Amino acid sequence: MISLIAFIITFKLRTEFIFRVGIFAYFILLAILLLQLITGKIVAGTKSWINLGFFSVQVSEFIKIPLAIVIAKYIGKVDMIQWKEFFHLSFIIGAPFVLIALQPDMGTALVIASVFVMVVLLKGIKKSIILFLILAIIASSFLLWNYFLKPYQKDRITSFLNPTVYSKSSGYQVIQSKIAIGAGGINGKGFLKGSQSKYKFLPTRHTDFIVSLLGEEFGFLGITFFLLLYFLFFYRQLSFITESADEYHLVYLLLGFIFFQFLINIFMSMGLIPILGLPLPFVSYGGSSLLGFFILEAIIFKIRINSYINEF
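Residues numbered from 1 in each chain as written. Predicted model: local features only at pLDDT ≥ 70, side-chain atom pairs only at ≥ 80, totals over all residues. Heavy atoms only, no water.

A.B. asks: How would you explain the overall build of the protein chain if you had to name every residue and give the values?
C.D. replies: Summing up its helical and strand segments, the protein chain has 13 helices and two strands in all. Taken against the 2.2 N^0.38 rule, which gives 20 Å for 312 residues, the C-alpha radius of gyration of the protein chain at 20 Å falls within 12% of a compact globule. Along the first, second and third principal axes, the C-alpha atoms of the protein chain reach 55 × 50 × 45 Å. Of all 312 residues assigned to the protein chain, the portion counted as buried reaches 44%. Looking at the protein chain alone, contacts between residues at least 24 apart form 71% of all its contacts between residues at least 6 apart. Total accessible area on the protein chain is roughly 16,800 Å²; 72% of this is exposed by carbon and sulfur atoms. Of the side chains in the protein chain, 25 bear a positive and 14 a negative charge, and the two mean positions are spaced by 7 Å. (Helix = DSSP H or I, 4+ residues; strand = E, 2+ residues; numbered from the N terminus. Rg over C-alpha atoms; globule rule 2.2 N^0.38 Å. Buried < 20%, exposed > 50% of the residue type's maximum accessible area, 1.4 Å probe, protein only. Contact = heavy atoms within 4.5 Å. Areas by Shrake-Rupley, 256 points an atom, 1.4 Å probe, with all protein chains shown as cover. Lys, Arg positive; Asp, Glu negative; His and termini not counted. Charge placed at Lys NZ, Arg CZ, Asp CG, Glu CD.)

A.B. asks: Describe the environment of Ile264, listing the residues and the values that go with them.
C.D. replies: By the secondary structure assignment, Ile264 is in helix α12 (residues 245–269). Remark: the alpha-carbon pair of Ile264 and Leu135, spanning 129 residues in sequence, is separated by 24 Å.

A.B. asks: Hey, could you go over the packing of aromatic side chains for me, with residue numbers and the actual values?
C.D. replies: Applying the stated rule across the entire model yields 24 aromatic pairs. Taking the centre distance of 5.4 Å and the plane angle of 85° together, the rings of Phe234 and Phe259 count as edge-to-face. Of the two residues, Phe234 sits in helix α11 (residues 210–238) while Phe259 sits in helix α12, which places them 25 residues apart along the sequence. When its relative accessible area of 34% is taken as the criterion, Phe259 is described as partly exposed. Against the face of Phe11 rests Lys302, its NZ or CZ located 5.3 Å from the ring centre. (Phe/Tyr/Trp six-rings, centres within 6.5 Å; stacked < 30°, edge-to-face > 60°. Lys NZ or Arg CZ within 6 Å of the ring centre and 35° of its normal.)

A.B. asks: How would you explain the packing of helix α2 (residues 15–39) against helix α4 (residues 83–101) if you had to name every residue and give the values?
C.D. replies: Where α2 contacts α4, the axes come no closer than 9 Å and their chain directions differ by 30°. In terms of orientation, α2 lies roughly parallel with respect to α4. Both α2 and α4 take part in a crossing whose hand is left-handed. Facing Tyr26, Leu30, Leu33, Leu34 and Leu37 of α2, the residues of α4 in contact are Phe91, Ile92, Ala95, Pro96, Leu99 and Ile100. Partitioning the contact of α2 with α4 into residue classes produces 11 nonpolar, no polar and no charged. (Axes fitted to C-alpha atoms, helices over the stretch in contact; angles between N-to-C directions. Parallel < 35°, antiparallel > 145°, perpendicular 65-115°, else oblique. Left-handed = near helix turned anticlockwise from the far one by under 90°. Nonpolar A, V, L, I, M, F, W, Y, C, P; charged D, E, K, R; others polar.)

A.B. asks: Requested: an account of the nonpolar core, with residues and values cited.
C.D. replies: Counting residues in each nonpolar core, the largest one holds 70 residues, and the members touching the most others are Leu67, Ile71, Ile75, Leu89, Leu250, Leu253 and Leu280. Tallying contributions element by element places α12 first for this core, with 11 residues. (Core = buried A, V, L, I, M, F, W, Y, C linked by side-chain atoms within 4.5 Å.)

A.B. asks: Could you give me a rundown of a nonpolar patch on the surface, with the residues and numbers involved?
C.D. replies: Residues Phe17, Val21, Ile23, Phe24, Phe27, Ile28 and Ile32 make up a contiguous nonpolar surface patch of roughly 620 Å² in combined accessible area. Note that Ile23 resides in helix α2. You can call Ile23 partly exposed: its relative accessible area is 33%. (Patch = residues over 30% accessible without salt bridge, like charges linked within 9 Å, V, L, I, M, F, W, Y side chains within 5 Å. Salt bridge = Lys/Arg side-chain N within 4 Å of Asp/Glu carboxyl O.)

A.B. asks: If you had to explain the pattern of salt bridges to someone new, which residues and values would you point to?
C.D. replies: Per the counting criterion, the structure on display carries four salt bridges. The partner of Lys64 in a salt bridge is Glu61, with the nearest N and O atoms 3.1 Å apart. Residue Lys64 is classed as buried on the basis of its relative accessible area of 2%. Residue Glu61 is classed as buried on the basis of its relative accessible area of 5%. In this structure, the salt-bridge partner of Glu216 is Lys189, at a minimum N-O distance of 3.7 Å. Taken as a pair, Glu216 in helix α11 and Lys189 in the loop between α9 (172–183) and α10 (195–198) lie far apart in primary sequence, 27 residues in all.

A.B. asks: Quick one: what's the story with the environment of Ile273, residue by residue and with numbers?
C.D. replies: Within the fold, Ile273 resides in the loop between α12 and α13 (287–310). Note on Ile273: relative accessible area 22%, which makes it partly exposed. For the pair Ile273 and Ile157, spaced 116 residues apart in the sequence, the C-alpha separation amounts to 8.4 Å. Among all residues touching Ile273, those that are not within four sequence positions of it are Phe160, Ile264, Phe267 and Met268.

A.B. asks: Give me the side chain of Gln237: which residues, what numbers.
C.D. replies: By the element assignment, Gln237 lies in helix α11. On the accessibility criterion, Gln237 (8% relative accessible area) is buried. Reaching out from Gln237, the side chain makes a polar contact with the side chain of Glu297 at a distance of 2.5 Å. When residues no more than four places from it in sequence are discounted, the contact partners of Gln237 are Val251, Leu255, Glu297, Ile300, Phe301 and Arg304. (Polar contact = N/O pair within 3.5 Å; in protein donor to acceptor, adjacent residues only side chain to side chain.)

A.B. asks: Would you mind going over the packing of α9 against α11 in detail, with residue names and values included?
C.D. replies: Contact geometry for α9 and α11: axes closest at 6 Å, N-to-C directions at 30°. The orientation of α9 with respect to α11, classified from their angle, is roughly parallel. Regarding α9 and α11, the two cross each other, and that crossing is left-handed. Contacts from Ser177, Ala180, Ile181 and Ala183 of α9 reach α11 at Ser212, Gly215 and Glu216. Its residues assigned to classes, the contact of α9 with α11 comprises three nonpolar, three polar and one charged.

Put into structure tokens, the structure is as follows:
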């Protein structure tokens, strides 16, 4: 209900106001993330949450929206990502990325970083920058592994490479996830009849591994239908025409956040990437995630409505 109310309020706003207030929201949320990192309390191993008494809020879920607004305004003025634009974008994206990674919440930080991929797809990039990025990723991977990653984060990576060796520790989750998906077969075991979820062999089945639960209960056919719904969701929202370059870029960047988080969660459930602890958009349990995505969708709905109105 809170998310629906936020959706309606956001949808009532004019797009000009959304773009104007986006830059202020970006710096305000950056300040909150910094303050949270300095004074916040550790909950479940991270400083990702702010306790407001009746409920807790994960601020990192909301900074995606003003970040997309700021970048959409910026790339509307450039034709291609040259070195100057690269350094500007690195600062804009890097600030929230570093603050969230230090919480530490690498899953959300990677989703934040994924916006750069969307920018490259939209605008193109100089080849020398790509070479620089490859070398930087190799060097930073070495530094992260030796100096920054927590022991449990290293365990997730090593268990991903060989989960059977860590079947009783960090590899347990992905093994149980694969078992749940495979146990569903073609038609599934039926609603609420999955043994992996019913007897709690599958951990975090309501958040990180919701797809595994669906695979066990509804099988290959159910998962196929589920993925088809997502395909229609992305296809319909990408098929629009607008005369405003800023609005066009904003829709693609906002949908990029949803798409990358969707891919990460699906691949994580199948054991194709290390476990990053990201909820599946609009499906997994998570109040902050749902609220953030509803506000994001309200902006997309508003822009789409404007594009229809402009046609008449």
